[in-house]
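Single-letter residue listing:
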Amino acid sequence: MEDGQANLGFDVAWVGKVLLERQAEERDPVRCGGPVGAVVGAGHPFIQAVHRVAGLDAVLPQLLDGRLVLDDHGDLAQRLPVRVRDRPEGALDQLLEGSYASGGAGEAAGRAARALGHDGQIVATPFQRTLPPYDPRVKVVHTDRHRGHDPQVETYLGVPVPACEVPQRAEIIRDALAADGGFELVDPTVHGTDPILAVHDPGLLRFLEEAWPAVERQRIERDFLVADTYPTRGMFAGMSEAFVAARPEPVAVGGRTGWWGLDSSNPIRPGTYDAARSAVDVALTTTDLVLAGETAAYGLCRPPGHHAAAAMAGGYCFFNNAAIAAEAIVAATGERVAILDVDVHHGNGTQQIFWRRDDVLYVSLHADPKRLYPFFLGHADEIGEGRGHGANRNFPMGLRADDATYLATLDSALERISDEPGSILVVSLGFDTFHLDPIGDLALTTDGYHEMGRRVGALGRRLVILQEGGYHLGALGENARAWLSGAEGRPAAGGSREPGGGTIPGP
Ligand code: Q9C
Ligand code: ZN
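Residues numbered from 1 in each chain as written. Chains lettered and ligands numbered in written order. Predicted model: local features only at pLDDT ≥ 70, side-chain atom pairs only at ≥ 80, totals over all residues. Heavy atoms only, no water.

1. Considerations on helix α10 (residues 202-217)
Phase 1: Counted at 1.5 Å a residue, the expected span for α10 with its 16 residues is 22 Å, and the 22 Å between its end C-alpha atoms agrees.
Phase 2: At Ala-211, α10 is deflected by roughly 40°, the largest bend along its length, and proline Pro-213 occurs up to four residues later in sequence.
Phase 3: For α10, the full list of buried residues reads Gly-203, Leu-204, Leu-205, Phe-207, Leu-208, Ala-211, Trp-212, Ala-214 and Val-215.
Phase 4: Residues of α10 that are buried in the fold lie against α9 (194-197), α12 (253-259) and α13 (272-291).
Phase 5: Where α10 begins, the capping side chain belongs to Asp-201, and its oxygen is found 2.7 Å from the backbone nitrogen of Gly-203.
Phase 6: Of the residues flanking the end of α10, it is Arg-219, one or two places downstream, whose phi is positive at about 50°. (Helix = DSSP H or I, 4+ residues; strand = E, 2+ residues; numbered from the N terminus. Expected span 1.5 Å × (residues − 1). Bend = angle between axes of the 7 residues up to and from the residue. Buried < 20%, exposed > 50% of the residue type's maximum accessible area, 1.4 Å probe, protein only. Contact = heavy atoms within 4.5 Å. Polar contact = N/O pair within 3.5 Å; in protein donor to acceptor, adjacent residues only side chain to side chain.)

This is the structure in structure tokens:
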């Protein structure tokens, strides 16, 4: 056993001691139905339970009647922040003081610990019992509603080319995760437009809802709608900000599409609006799961979201799923939220939405915009303004950056995130960093995704993981499986997750 685990084992043994004391003093009204000795070792269910109820105090009754078993899968140490893990002698203190996750479960655990009078005694509880199978399957939120957005072509420098962002993408990922057996597919619930309007201009929502009906009304003989005229900066040069802001939205649907759009890469189809709404429902349901106590959940959002700004669609994106999720988390918890964006493209939309805010930290690794879409934003000197000064961090990467280079940069990004208070991290997860991706120019591998997931999971924050890009269909499923199993702390190779269970030895 590693030092870190030994220390954390000590902590859990202390929980056992508290349980015995509480039982003896009958301070706890909860009936003791199971062996207190179940408290052995430190493992995933422990930290999960602490998160679920936000405090040791509420875990204790479950321990007492045996509904919760702490096993010694030993991956708690892996899930603690790197700095805590590297100083195992301090891990227990930090856990108890709550300084490893300020404002979140750690603080609650610390409060509970102090309230119960932690005195540092190690108590061994003699017992032996066989654990029931333990299989906390990570939930994957998915719906077929995305299929309504089914573009056939996009344009590349004006020339029609086969669309990259196609329904098959989500189907491939869903099938790979279903086949794995370690994930549980769940349907999203309908959330309505309020959470969208908390982030987006009502005009964008209205336009996306009305666009296809307008195409039909105007009998435009096209099977998709793409703009060819955009209100770009030079058109308004020299005019005052107030004057520019007062320009009216066009009436013609072609003009409106340019008005609300960045580029020609997201054709609007008859089912696009409903699909985009479904991606938001997926993101918000994933958020709900984590707010309700899941350690991590994955939303198979499609269409993606991170290029969509408050008043602009673009780059295959219509609503900014991750920004809507982050906003909902802030509203529900009052905590700060960090967004880690690992899509190959800079998430210009997410950056724009939180540019002046300090309650949502945006950290992005991406191909240098000098080379790649979205070209006009994503440079390292974009750090936010006003209250948001310092709450935006961009890490532009060199051409064909490999796993090692990428992961070294990721460590800096994670360092910045762990400096920020908050217990939940939103991940904008793209696989277009893959070495074979048709539109990316970095060079990551499937093994790299596993390690990326592992390092992000090791932060110790609860994860709302939302799908963004990734267009190499042949590896998409494997890459998603690798990333998510890495985040769970599962080993890289070896197919499906092993069900838990086994025997805990008595001391
Ligand atoms: N035909 C996401 O990955 N330009 N968006 C593509 C190639 C737009 C990428 C040009 C790329 C958008 C979510
Ligand atoms: Zn992308």
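2. Description of the coordination of the zinc ion (ligand 2)
Phase 1: Coordination of the zinc ion (ligand 2) by the protein comes from Asp-343 (OD), Asp-343 (OD), His-345 (ND1) and Asp-432 (OD), over a distance range of 1.9 to 2.8 Å.
Phase 2: All donors to the zinc ion (ligand 2) come from one chain, and their sequence spacing reads D-x1-H-x86-D. The residues Asp-343 and His-345 share a single accessibility class, namely buried. (Donors = N, O, S within 2.8 Å, 3.2 Å for Na, K, Ca; no water.)

3. Brief notes about the site of ligand 1
Phase 1: Inspection of the region around ligand 1 gives 15 residues, with Glu-154, Gly-315, His-345, Asp-432 and Tyr-471 positioned closest.
Phase 2: Glu-154 places a side-chain nitrogen or oxygen 2.6 Å from a nitrogen atom of ligand 1.
Phase 3: Taking 410 Å² as the accessible area of ligand 1 by itself, protein coverage stands at 90%.
Phase 4: The class makeup of the residues in the shell around ligand 1 is five nonpolar, seven polar and three charged. (Near = heavy atom within 4 Å. Areas by Shrake-Rupley, 256 points an atom, 1.4 Å probe, with all protein chains shown as cover. Nonpolar A, V, L, I, M, F, W, Y, C, P; charged D, E, K, R; others polar.)

4. Brief notes about the pattern of salt bridges
Phase 1: Evaluated as defined, the whole model comprises 28 salt bridges.
Phase 2: A salt bridge links Arg-256 to Glu-249, with the shortest nitrogen-to-oxygen separation between them at 2.7 Å.
Phase 3: The exposure class of Arg-256 is buried, given its relative accessible area of 11%.
Phase 4: Several salt bridges share partner residues, and in doing so they unite Asp-144, Arg-147, Glu-171, Arg-174 and Asp-175 into one network. (Salt bridge = Lys/Arg side-chain N within 4 Å of Asp/Glu carboxyl O.)

5. Re helix α16 (residues 403-418)
Phase 1: A rise of 1.5 Å per residue sets the reference length of α16, with its 16 residues, at 22 Å; its end C-alpha atoms lie 22 Å apart and thus fit the reference within 8%.
Phase 2: Within α16, the full set of buried residues consists of Asp-403, Tyr-406, Leu-407, Thr-409, Leu-410, Ala-413, Leu-414, Arg-416 and Ile-417. Taken down its axis, α16 places every buried residue within 165° of arc, on the same side.
Phase 3: The elements touched by buried residues of α16 are β7 (337-341), β8 (360-367), β9 (392-397), β10 (424-429) and α17 (446-457). (Arc of directions from axis to C-beta.)

6. What to know about the sheet that holds strand β6 (residues 296-299)
Phase 1: In space, the eight strands of this open sheet follow the order β5-β2-β6-β11-β10-β7-β8-β9, with parallel pairing throughout. For this open sheet the edge positions go to β5 (183-186) and β9, each flanked by a neighbour on one side alone. Looking at each pair of strands side by side, their axes are set apart by 15° on average, direction ignored.
Phase 2: Summarising the sheet, β10 and strand β11 (residues 462-467) pair through six bridges and their orientation is parallel. Note that in β11 the partner of Leu-429 across the bridge is Gln-467. (Pairing = 2+ DSSP bridges. Axes fitted to C-alpha atoms, helices over the stretch in contact; angles between N-to-C directions.)

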